[in-house]
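Observations on chain architecture
Chain by chain, the residues:
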Amino acid sequence: QVQLVESGGGLVQAGGSLRLSCAASGRTFSNYAMAWFRQAPGKEREFVAAIGWSTVSTEYADSVKARFTISRDNTKTAVYLQMNILKPEDTAVYYCAFTLSRYASVWLRRSDVYDYWGQGTQVTVSS
């Protein structure tokens, strides 16, 4: 029903930057929430960042706060993750997620509130 296409992953040295993109194909939405999660080898999937119906409302994991910035483009139904000062521990497969339901900001940190997921894009940070 909703297809999410991710791009922007790659290999970067520690201290460098990358920008991830995720766009919903074939449809335009006015109100939605989107998020980024990541999963490293041997680790559980963890929350990274989210942006709600109100673009003023954002959530970040403590480990990425002040380094990563999430934003959205309503004309394209797309979400972006600007990642700066990357560290080796940021290495993971990054997944975008999408929901048309409205939640309080705290709930956007949970993976089970999202209805659609992207295929994932690999981010590798070398030291």
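What comes next is a walk through the structure. (Residues numbered from 1 in each chain as written. Predicted model: local features only at pLDDT ≥ 70, side-chain atom pairs only at ≥ 80, totals over all residues. Heavy atoms only, no water.)

Assigned secondary structure in the protein chain consists of 0 helices and 11 strands. Taken against the 2.2 N^0.38 rule, which gives 14 Å for 127 residues, the C-alpha radius of gyration of the protein chain at 14 Å falls within 12% of a compact globule. For the protein chain, the proportion of its 127 residues judged to be buried stands at 43%. Long-range pairs, those at least 24 residues apart, make up 60% of the contacts in the protein chain with a sequence separation of at least 6. Accessible surface computed for the protein chain: about 6700 Å², of which carbon and sulfur atoms make up 47%. Averaged over its 13 positive side-chain charges, the protein chain has a centre that lies 4 Å from the centre of its 10 negative ones. (Helix = DSSP H or I, 4+ residues; strand = E, 2+ residues; numbered from the N terminus. Rg over C-alpha atoms; globule rule 2.2 N^0.38 Å. Buried < 20%, exposed > 50% of the residue type's maximum accessible area, 1.4 Å probe, protein only. Contact = heavy atoms within 4.5 Å. Areas by Shrake-Rupley, 256 points an atom, 1.4 Å probe, with all protein chains shown as cover. Lys, Arg positive; Asp, Glu negative; His and termini not counted. Charge placed at Lys NZ, Arg CZ, Asp CG, Glu CD.)

Attention now goes to the nonpolar core. Core analysis: the biggest nonpolar cluster contains 38 residues, and W36, L81, M83 and Y94 have the highest contact counts within it. Of all the elements in the fold, those that place two or more residues in this core are β3 (18-25), β4 (33-39), β5 (46-51), β7 (68-73), β8 (78-83), β9 (92-99) and β11 (121-126). Setting aside chain neighbours within four positions, we find L81 in contact with L18, R19, L20, W36, V48, A49, F68, T69, I70 and Y94. (Core = buried A, V, L, I, M, F, W, Y, C linked by side-chain atoms within 4.5 Å.)

Another point: a nonpolar patch on the surface. A cluster of nonpolar side chains, namely Y103, V106 and W107, defines an oily patch on the protein surface of about 320 Å² accessible area. The residue V106 is located in the loop between β9 and β10 (116-117) in this model. In this structure V106 comes out as exposed when scored by relative accessible area, which is 60%. (Patch = residues over 30% accessible without salt bridge, like charges linked within 9 Å, V, L, I, M, F, W, Y side chains within 5 Å. Salt bridge = Lys/Arg side-chain N within 4 Å of Asp/Glu carboxyl O.)

Ordered by their spatial adjacency, 4 strands build an open sheet running β1-β3-β8-β7, and the pairing between neighbours is antiparallel. In this open sheet, the two edge strands, each paired with only one partner strand, are β1 (3-7) and β7. Taken pair by pair, the neighbouring strands of this sheet meet at an average axis angle of 15°, ignoring direction. Strand direction decides the pairing type here: β1 and β3, joined by 5 bridges, are antiparallel. Counterpart to E6 in the pairing with β3 is C22. (Pairing = 2+ DSSP bridges. Axes fitted to C-alpha atoms, helices over the stretch in contact; angles between N-to-C directions.)

Each aromatic ring pair is summarised here by two numbers: the centre-to-centre distance and the angle between the ring planes. Within this structure, the stated rule accounts for 7 aromatic pairs. Ring centres of Y114 and W117 lie 6.2 Å apart, and the angle between their planes is 75°; on these two criteria the pair is classed as edge-to-face. Through successive ring pairs, a cluster of aromatic residues spans F29, Y32, F98 and Y116. It is R45 that lies over the ring of W117; its NZ or CZ is 5.0 Å from the centre. Seen from the ring of Y32, R72 lies directly overhead, with NZ or CZ sitting 3.8 Å from the centre. (Phe/Tyr/Trp six-rings, centres within 6.5 Å; stacked < 30°, edge-to-face > 60°. Lys NZ or Arg CZ within 6 Å of the ring centre and 35° of its normal.)

Turning our attention to the pairing of β11. In β11, alternate side chains face the same way, and those of T121, V123 and V125 are buried while those of Q122, T124 and S126 on the opposite face are not. Bridging between strand β2 (residues 10-13) and β11 involves 4 bridges; their strand directions are parallel. Bridge pairing links Q13 to S126 in β11. Two strands pair when backbone bridges link them, and β9 and β11 are joined in this way by 3 bridges, in the antiparallel orientation.

So, to be careful, I would describe these as geometric facts and stop short of saying anything about function.
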